[in-house]
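Chain by chain, the residues run as shown.
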Amino acid sequence: MSIESFDLYNPPSDFINNVYKYYNLLREKSPIHKNSDGSYILTRYKDLVGVYRNFKVWSSDKRTEFREKFGSSPLFEHHTTSVVFVDPPDHTRIRKIFQQAFTPKSILGLERNINKLVDSYLVMMHAKKKFDFVSDFSFRLPVDVVCSVLGVPSEDRHLIRDWAHKILGALEPKLTHKQFDEGSTAVINFKQYLKDQIKFRKTHKDINKANEVLSLLIEAEGLELSETELLHQCIFMLNAGHETSTNMLSHGLNELINHKDQYKLLQKEPGRIDTAIDEILRFQPPIQINNRRCLEKTKIGNVVVPEGTSVHMIIAGANRDPLQFFKPETFDISRSPNRHLSFGLGIHICAGINLARVEAKVAFQSLMSSFREINLIKKPKIANRIRFREIKEMQIEISSY
Ligand code: HEM
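Residues numbered from 1 in each chain as written. Predicted model: local features only at pLDDT ≥ 70, side-chain atom pairs only at ≥ 80, totals over all residues. Heavy atoms only, no water.

Draft legend 1. Seen up close, the site of the ligand. Around the ligand sit 28 residues, and of these His-91, Arg-95, Arg-292, His-348 and Cys-350 come closest. His-348 has a polar side-chain atom sitting 2.6 Å from an oxygen atom of the ligand. For the shell around the ligand, the secondary structure elements donating two or more residues are α5 (90–101), α12 (227–240), α13 (243–258), β5 (289–294) and α17 (353–370). The element that contributes the greatest number of residues to the shell around the ligand is α13, accounting for 3 residues. In the shell around the ligand, the residues fall into 17 nonpolar, 9 polar and 2 charged. (Near = heavy atom within 4 Å. Polar contact = N/O pair within 3.5 Å; in protein donor to acceptor, adjacent residues only side chain to side chain. Helix = DSSP H or I, 4+ residues; strand = E, 2+ residues; numbered from the N terminus. Nonpolar A, V, L, I, M, F, W, Y, C, P; charged D, E, K, R; others polar.)

Spelled out as structure tokens, the structure:
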């Protein structure tokens, strides 16, 4: 296949195992690449930055394209109401509420909780020696944390994981009937679950804690938020806050195992943790693609595009752009500066950045200091998804000190 005919809706059969090869080729040969449906695929760092920053021209509002994709289904309601897919002024109003929940003080409180959670998983890991890192660690930590941030019981984590998977799965460029039906049912069930949680809180006012997101959102209902908005922000946060972090942890450990020199360096010099986390995020962005649509005729590089043009912003391509990153194919935990785009940029930049970083810091510091060595038992399984880079299973073996 020549790269000029690359189609994100119908990628080559070896695409999932070679995403970076294809995105590099696109950036080199066809950086503003026209997809089969008239949308454009962008892979250059500077083009992504230009689109993220120009939010007045490049809209996040997905009503037009999702009407076609989701009709008037529950998926349409969810994906057009959540904070990430709305423009100002609604975006500004909703985002303010999230920001109150992620102050440095509340992150510090969460860090204590994260330490306790990680310690409890480590006990189990020492006992088991061989296990699936995804189900026993990288999935558990973020979902337990985001449940506590939102104030819902972590015993319900499997329900939440399943719903999240189906709702976010419906965002894949190509949607099957099965994905559509499962995604719609997941939105209905998730909404009902949250309605029950909210009702309980409204009738038990004593359990509402300051700065807990669910309490903040409930307080805002009727004032800054409608009930529908309230429910969909909760769903969005439960989804956004765990899949991404799970994959940051799984990929992070996988890359450290695959680059033993970097693993040993981090073990010897734990002070490199912050740059290591950024390098993990640059090298394997958990969200590989963001999208925008232009509200007027505009230019991307030298290409003029008409009003209504959609772009696929390939974070996974921009993060390996040699014009921005020295030796981008090298996994270097000391890389600095490292202005990767894995959390996005501009007004929609991830609201959970500090939380995700704390999760990664506690997790990797504990893993590096608790085990002499961690090895793969077999090659991790990568899920067949394009938007999210997911490790489905990762069997590992640990050697204790
Ligand atoms: C490694 C982990 C994470 C990654 C890679 C990540 C990535 C992203 C990206 C790329 C965006 C921007 C989407 C766009 O511009 O279209 C975003 C938005 C967002 N993220 Fe994260 N995220 C992570 C963790 C979290 C966590 C832990 C939370 C909260 C618990 C969270 C909450 C949000 C919210 C609320 C938004 C929407 C912000 C807005 O539209 O203003 N994220 N995230």
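This is not the end of the story, as more comes after the structure.
Draft legend 2. Highlighting the nonpolar core. Formed by 93 residues in total, the largest nonpolar core has its most connected members in Met-125, Phe-137 and Leu-141. Contacts of Leu-141, omitting those with residues within four sequence positions, involve Ile-114, Leu-117, Val-118, Tyr-121, Leu-249, Glu-359 and Ala-363. By size, the runner-up hydrophobic cluster in this structure holds 20 residues, among which are Leu-48, Val-49, Val-57 and Val-311. (Core = buried A, V, L, I, M, F, W, Y, C linked by side-chain atoms within 4.5 Å. Buried < 20%, exposed > 50% of the residue type's maximum accessible area, 1.4 Å probe, protein only. Contact = heavy atoms within 4.5 Å.)

Draft legend 3. How the structure looks around the packing of aromatic side chains. Here the structure, examined in full by the defined rule, presents 12 aromatic pairs. Measuring from centroid to centroid gives 5.5 Å for Phe-15 and Tyr-23, while their planes differ by 80°, and the two rings are edge-to-face. Neither residue differs from the other here; Phe-15 and Tyr-23 are each classed as buried. Taken together, Phe-6, Phe-15, Tyr-22 and Tyr-23 form an aromatic cluster joined through their ring pairs. One Lys or Arg, Lys-21, reaches over the ring of Tyr-22 and ends 4.8 Å from the middle of that ring. Above the plane of the ring of Tyr-20 lies Arg-320, whose end atom (NZ or CZ) is 3.7 Å from the centre. (Phe/Tyr/Trp six-rings, centres within 6.5 Å; stacked < 30°, edge-to-face > 60°. Lys NZ or Arg CZ within 6 Å of the ring centre and 35° of its normal.)

Draft legend 4. Broad picture of the sheet that holds strand β4 (residues 130–132). The 3 strands lie next to each other as β4-β12-β9, forming an open sheet whose pairing is antiparallel. Bordering the open sheet on either side are β4 and β9 (371–376), each of which pairs with just one other strand. Mean inter-strand twist for the sheet, computed between neighbouring axes without regard to direction, equals 30°. Bridge analysis of β9 against strand β12 (residues 395–400) gives 5 bridges, and the strand direction is antiparallel. Bridge pairing in β12 links Ile-374 to Ile-398. (Pairing = 2+ DSSP bridges. Axes fitted to C-alpha atoms, helices over the stretch in contact; angles between N-to-C directions.)

Draft legend 5. Highlighting empty space enclosed by the protein. Under the definition given, this model contains 2 cavities of 30 Å³ or more. Estimated volume of the largest cavity: approximately 80 Å³. Taken together, Val-134, Phe-139, Arg-161, His-165, His-242, Glu-243, Thr-246, Asn-247, Glu-390 and Ile-391 make up the full set of residues lining the largest cavity. Contributing elements (two or more residues each) for the lining of the largest cavity: α9 (157–169) and α13. Its boundaries defined by the atoms lining it, the second largest cavity holds a volume of some 30 Å³. What lines the second largest cavity is simply Lys-378, Lys-379, Pro-380, Lys-381, Glu-393, Met-394 and Gln-395. Looking at the lining of the second largest cavity residue by residue, the classes come out as 2 nonpolar, 1 polar and 4 charged. (1 Å grid on protein atoms, 1.4 Å probe; cavity = no way out; pocket = protein on both sides within 12 Å on 5 of 7 lines; lining within 4 Å. Points joined across faces, edges and corners; volume = space filled by probe spheres on them.)

Draft legend 6. Summary view of the sheet that holds β5. Here 5 strands make up an open sheet; going across it, the order is β1-β2-β8-β5-β3 and the pairing mixed. Both outer strands of the open sheet, β1 (32–34) and β3 (58–59), are each paired with one neighbouring strand and no more. Here β3 runs beside β5; their pairing, made up of 2 bridges, is antiparallel. Across the sheet, residue Trp-58 finds its bridge partner in β5, namely Cys-294. In the packing of helix α2 (residues 45–53) onto the sheet, contacts are made with β1, β2 (40–42), β3, β5 and β8 (310–314), and the angle to β8 comes to roughly 125°.

Draft legend 7. Molecular detail of the environment of Pro-142. Examined against the element boundaries, Pro-142 turns out to sit in helix α8 (residues 140–150). As for Pro-142 and Glu-359, which are separated by 217 residues in sequence, their C-alpha atoms are 7.4 Å apart. If sequence neighbours within four positions are ignored, Pro-142 has contacts with Phe-137, Gly-241, His-242, Ser-245, Thr-246, Leu-249 and Glu-359.

Draft legend 8. View of the pairing of β8. Most of β8 sits out of view: 5 of its 5 residues are buried. Residue alternation in β8 divides its side chains into two sets, Ser-310, His-312 and Ile-314 and Val-311 and Met-313, and both sets are buried. Relative to β8, β2 runs parallel, the two sharing 3 bridges. Within β8, the position partnered with Ile-41 by the bridge is His-312. Direction of pairing for β5 relative to β8: antiparallel, over a ladder of 5 bridges. By the bridge assignment for β8, Arg-293 is matched with Ser-310.

Draft legend 9. Expanded view of the packing of α8 against α17. Interaxial distance between α8 and α17 falls to 11 Å at its minimum, and their mutual angle equals 135°. Comparing their axes, α17 and α8 come out oblique. Crossing angle aside, the handedness with which α8 passes α17 is right-handed. Taken together, the residues of α17 that come into contact with α8 (itself represented by Leu-141, Pro-142, Val-145 and Val-149) are Leu-355, Glu-359 and Ala-363. Taken together, the residues of the contact of α8 with α17 sort by class into 6 nonpolar, no polar and 1 charged. (Parallel < 35°, antiparallel > 145°, perpendicular 65-115°, else oblique. Left-handed = near helix turned anticlockwise from the far one by under 90°.)

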